[in-house]
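Residue-level structural notes
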Amino acid sequence: MTDRAELMEVYRQWWAHDGHWYQGVAKRFGQEVANEINAEALRQVALQVGRGVARRHGKLPDEDGMAELRRRYDECGERMFPRELRSAGTEVVGDDTVELTIRRNFAITMLRMAGSLDGYECPCPDIHAGWSEGLGVVLSENRATACLRSGDPACRLVMRVKEMGC
């Protein structure tokens, strides 16, 4: 096996663990508790990923700051979810807004295959809140406008920036 193939196998095993863990919590304590704990855990991981990206690149520039922020969000996504497990990208859609589009999401695919999609709440806004905090960005808006989970062709998430470089 190549190094990348071995790495992907590790990812698959951890995602399988995560899925079984989520289902176990939902079965014992209810779907609402499982969703809450899942979102909290992913936000903390995202915070660490965002801080790592911020350390690598330094302060967001004043000039062309939104384009650089978009690139950093993409890097956060790649570090947390490898391209083999998702298809996503960001775009600057306004003076203060970045939109993330996810066309394929491994977690949604696996939940659907396991028959566990009903009642699952996507933690995407929590992930993006963690990335933003780690990158030193305060959001005034962080919401999903479409979701693969509910049958939309892609997830679309809007992140409107209130303040950069915090």
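Refer to the structure presented above.
Residues numbered from 1 in each chain as written. Predicted model: local features only at pLDDT ≥ 70, side-chain atom pairs only at ≥ 80, totals over all residues. Heavy atoms only, no water.

**Digging into the pattern of salt bridges**
When the charged atoms of two side chains with opposite charge come close together, those side chains can pair. For the record, the criterion: Think of a salt bridge as a Lys or Arg side-chain nitrogen and an Asp or Glu carboxyl oxygen that are within 4 Å of each other. Helix numbering and strand numbering both begin at the N terminus, where a helix is a DSSP run of H or I of at least 4 residues and a strand a DSSP run of E of at least 2. We call a residue buried when its accessible area falls under 20% of the maximum for its residue type, exposed when it is over 50%, and partly exposed in between, using a 1.4 Å probe and counting protein chains only.
Tallied over the full model, the rule gives 11 salt bridges. Across the pair R72 and E68 runs a salt bridge, and its minimum N-O distance is 2.8 Å. Of the two residues, R72 and E68 both sit in helix α3 (residues 65-80), four residues apart, roughly one turn of that helix. The exposure class assigned to E68 is buried, which follows from its relative accessible area of 15%. Here R160 makes a salt bridge to D96, at a shortest N to O gap of 3.4 Å. Here D96 lies in the loop between β1 (86-94) and β2 (97-105) and R160 lies in strand β4 (residues 155-164), a separation of 64 residues in the sequence. Taken together, the salt bridges that share partners define one network made up of D64, E68, R71 and R72.

**Details of a nonpolar patch on the surface**
Condition: The patches reported here contain residues having more than 30% relative accessible area and no salt bridge. Joining distances are 9 Å for like charges and 5 Å for nonpolar side chains (Val, Leu, Ile, Met, Phe, Trp, Tyr). For the area figures, the Shrake-Rupley method with a 1.4 Å probe applies, and any residue is considered shielded solely by the protein chains shown.
Together, W21, F29, V33 and I37 make up an exposed nonpolar region whose accessible area comes to about 350 Å². At the level of elements, α1 (3-29) and α2 (31-57) are the ones that each hand at least two residues to the nonpolar patch. With respect to the helices, strands and loops of the structure, V33 is situated in helix α2. Among the residues examined, V33 registers a relative accessible area of 33% and is labelled partly exposed.

**A word on the pairing of β2**
Spelled out, the test is: Should DSSP find at least two bridges between two strands, the strands are regarded as paired.
With seven of its nine residues buried, β2 lies for the most part within the structure. Relative to β2, β1 is paired through eight bridges, and the arrangement is antiparallel. Within β2, the residue paired with G94 across the bridge is T97. Note: β2 against β4, six bridges, orientation antiparallel. When the bridges of β4 are listed, T101 appears paired with R156.

**Let's talk about unusual backbone geometry**
Positive phi is not limited to glycine here, since D64 has a value of about 60°. Tracing the backbone shows D64 in the loop between α2 and α3.

**Digging into the sheet that holds β2**
The strands that make up a sheet are held in pairs by hydrogen bonds between backbone atoms, and each pair lies either parallel or antiparallel. For clarity, the cut-off: Fitting a line to C-alpha atoms yields each axis, with helices limited to the stretch in contact; the angle taken between N-to-C directions then spans 0 to 180 degrees. In this analysis, two residues are considered to be in contact whenever any of their non-hydrogen atoms come within 4.5 Å of each other.
Ordered by their spatial adjacency, four strands build an open sheet running β1-β2-β4-β3, and the pairing between neighbours is antiparallel. Both edges of this open sheet fall to β1 and β3 (137-146), since each of them pairs with a single strand only. Adjacent strand axes in the sheet meet at a mean angle of 20°, parallel and antiparallel pairs treated alike. Each of β2, β3 and β4 touches helix α5 (residues 124-135); the most contacted strand, β3, lies at about 160° to it.

**What to know about the packing of aromatic side chains**
Quick reminder of the rule: What counts as a ring pair is set by centres within 6.5 Å for rings of Phe, Tyr and Trp (its six-membered ring), and what kind of pair is set by the plane angle: stacked under 30 degrees, edge-to-face over 60, tilted for all other angles.
This structure, assessed with the given rule, holds two aromatic pairs. Between the aromatic rings of Y22 and Y120, the centroid separation amounts to 5.4 Å while the plane-to-plane angle is 70°, which identifies the pairing as edge-to-face. Note that Y22 is positioned in helix α1 and Y120 in the loop between α4 (106-114) and α5, a separation of 98 residues in sequence. Overall, the relative accessible area of 4% leaves Y22 in the buried class. When its relative accessible area of 6% is taken as the criterion, Y120 is described as buried. Between the aromatic rings of Y73 and W131, the centroid separation amounts to 6.5 Å while the plane-to-plane angle is 40°, which identifies the pairing as tilted. With Y73 in helix α3 and W131 in helix α5, this residue pair connects regions lying 58 residues apart in the sequence. The same class applies to Y73 as to W131, namely buried.

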